[in-house]
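Structural overview
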Amino acid sequence: MKNSCNAPNVVHLIPSLEVGGMERLVVDLATGRKSGQTSIMCLNKLGALGEQIEKEVTIKVLNIPKNLFCATIAVYKLLRKIKPDVIHCHNMQAHFFGSICALFIPNTKVVLTKHGQHIPSVGFAAKINKLTLRRSKIVGVSSDITQIMQKWITKNKHTIEYIANGVSLTPYKNLKPQSVAKKELSIEHGTFCVGIVARLSHPKDHVLLIDAVAAISKTHANIKLIIIGDGPLRQHIESHINQNQYQKVVTMLGERKDIANILGALDVFALASSSEGIPMTILEAMAASLPVIATNVGGVPQVVINNETGILVENKNKEDLIKAIQFFVEAPENIAIYGKKGRLLLENNYSINQAIGKYECIYLN
């Protein structure tokens, strides 16, 4: 290795460090790694999470052109200067560039962490990825993603591995009392708060969750849905709220940096996604000792144990969502019981230190 046989130089390659689960994992891996040199390359832009850690980790932002050839040259020039031992690519776009560049940088290996269930199956970039992935070490963040990759890449020279996402427990050690956290968000005392932290995009299905909470509000007036996040569907979601006069039921906070404090104000966390790996937001909710209501898709059942740490509901099923939320509204004593079990599950299986240790073994080997 170029630096030390025990401390490889690792570069994380990622589209951006906007607010999201994949991005949060990269931030935690980079800031939590105590050995070797670690840096991050953002292909497109920095993003809110990147702004938070600029003073802790070296971050390079490329703003790559749309032309694949020109973009590849730009990535290669920067990687050649850094001379990494490992290019750790996050999802397929990053792997396309990282794997090609690694062919021309001596003694550089490639790791791909696949975060989502979508696999490109057509087009030039997909064909290149399929070829170069045979040389890369592939990691899936859930067992189902690992299985998907095993079917897609049939001639990989390395075993495809499963490493669960992990979160840092540090922000959740000294949470404010729930009453204080609610007051800071101008939420009235006694209001039952359901919350979601997710990009405002189609797979997250915010509208379904909004309609479910709005239906419950007809019989339980003191319920509110708190939405944290931003994205392409923001205007559409706001229009849906306004057209149906849900302003008193739904509060949209946009992107926030104080996620731990906001989670501390909630009673229940909910996620109505149609597609997921192991969502970082669910792990963060568990770190805040919240019960989780989530759709039974992807890797979600690995972290949400039905009727123990939360409730699993069927995809696109509003009635399921309503029943699950009502369960906690009508029996609030279950909130602490489920939340405590979720926190314990997280501590034992999904801490960021465990994830860092497993990735370090891959880098060294």
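Because the structure is a prediction, the values reported are computed rather than measured. Along each chain, numbering runs from 1 in the same order as the chain's sequence is written. A pLDDT threshold of at least 70 governs which residues receive local features in this predicted model, and a stricter bar of 80 or more applies before side-chain atom pairs are shown or counted, although totals over entire chains, interfaces and linings include all residues. Note that the side-chain values use all heavy atoms of the structure and ignore hydrogens as well as water.

**Thoughts on the nonpolar core**
In plain words, nonpolar cores are sets of buried Ala, Val, Leu, Ile, Met, Phe, Trp, Tyr and Cys residues tied together by side-chain atoms within 4.5 Å. Any residue under 20% of the maximum accessible area for its type is buried, any over 50% is exposed, and the rest in between are partly exposed; the area is computed with a 1.4 Å probe on protein chains only. Membership of the largest hydrophobic core comes to 86 residues, with the highest contact counts inside it found for Leu225, Leu263, Phe269, Ile282, Leu283, Ile293 and Ile325. Helix and strand definitions follow DSSP, with helices as H or I runs of at least four residues and strands as E runs of at least two, each counted in order from the N terminus. With seven residues, the single largest contributor to this core is helix α8 (residues 206-217). Two residues form a contact once any of their heavy atoms are found within 4.5 Å. Sequence-distant contacts of Ile325, that is, excluding residues within four places in its chain, are made with Val194, Leu209, Val213, Ile216, Ile223 and Ile293.

**A few points about the sheet that holds strand β6 (residues 137-140)**
For two strands to count as paired, DSSP must find a minimum of two bridges between them. An order of β3-β2-β1-β4-β5-β6-β7 is seen for the seven strands of this open sheet, with the pairing classed as parallel. With one partner strand each, in any of the chains shown, β3 (58-61) and β7 (161-162) form the two edges of the open sheet. Pairing analysis gives four bridges linking strand β2 (residues 38-45) to β3, with the strands arranged parallel. Following the sheet pairing, Cys42 is matched in β3 by Val61. Helix axes use the C-alpha atoms of the stretch in contact, all axes being lines fitted to C-alpha atoms, and the angles between their N-to-C directions lie in the range 0 to 180 degrees. The strands that helix α1 (residues 21-32) touches are β1 (10-16), β2 and β4 (86-90); relative to β1, the one it contacts most, it runs at about 155°.

**Things to note about the side chain of Asp211**
In this fold, Asp211 is placed in helix α8. We note that Asp211 is buried and unpaired, the nearest opposite charge coming from Lys318 at a distance of 5.2 Å. If we skip the residues at most four places from it in the chain, Asp211 touches His240, Tyr246 and Lys318. Charge counting treats Lys and Arg as positive and Asp and Glu as negative, with His and both chain ends excluded. Any carboxyl oxygen of Asp or Glu within 4 Å of a side-chain nitrogen of Lys or Arg constitutes a salt bridge here.

**Some words on the pattern of salt bridges**
Under the criterion given, the structure shown has 13 salt bridges. The residue Glu238 makes a salt bridge to Arg234 at a minimum N-O spacing of 3.1 Å. Of this pair, Glu238 and Arg234 are both found in helix α9 (residues 234-243), four residues apart, which corresponds to roughly one turn of the helix. On the basis of relative accessible area, Arg234 is assigned to the partly exposed category, the value being 24%. It is possible to trace a salt-bridge network through shared partners that takes in Arg24, Asp28 and Glu284.

**Remarks on a positive patch on the surface**
Patches were defined on residues exceeding 30% relative accessible area and lacking a salt bridge, with like-charge contacts within 9 Å and nonpolar side-chain contacts (Val, Leu, Ile, Met, Phe, Trp, Tyr) within 5 Å. Here, Shrake-Rupley sampling with a 1.4 Å probe gives the accessible areas, and only protein chains in the shown set may cover a residue. Where a charge lies is defined by one atom per residue type: Lys uses NZ, Arg uses CZ, Asp uses CG and Glu uses CD. A cluster of basic side chains, namely Lys60, Lys77, Arg80 and Lys81, defines a positive patch on the protein surface. Tallying contributions element by element places helix α3 (residues 68-82) first for the positive patch, with three residues. The exposed category is assigned to Lys81, whose relative accessible area is 69%.

**Description of the pairing of strand β8 (residues 192-197)**
Among the six residues of β8, six are classified as buried, and the element is accordingly described as predominantly covered. Burial along β8 is two-sided: the residues Phe192, Val194 and Ile196 and Cys193, Gly195 and Val197 are all buried. Across six bridges, the pairing between β8 and strand β9 (residues 223-228) is parallel. Bridge pairing links Cys193 to Lys224 in β9. For the segment spanning β8, α8 and β9, crossover handedness is right-handed. With the strands aimed away from the viewer, a crossover counts as right-handed if its path from the first strand over the helix to the second runs clockwise.

**Quick word on the pairing of β2**
Of all eight residues in β2, six are buried; the element is thus mostly enclosed. Sheet topology note: the β1/β2 ladder contains six bridges and is parallel. By the bridge assignment, Ser16 is partnered in β2 with Lys45. Handedness of the crossover joining β1 and β2 through α1 is recorded here as right-handed.

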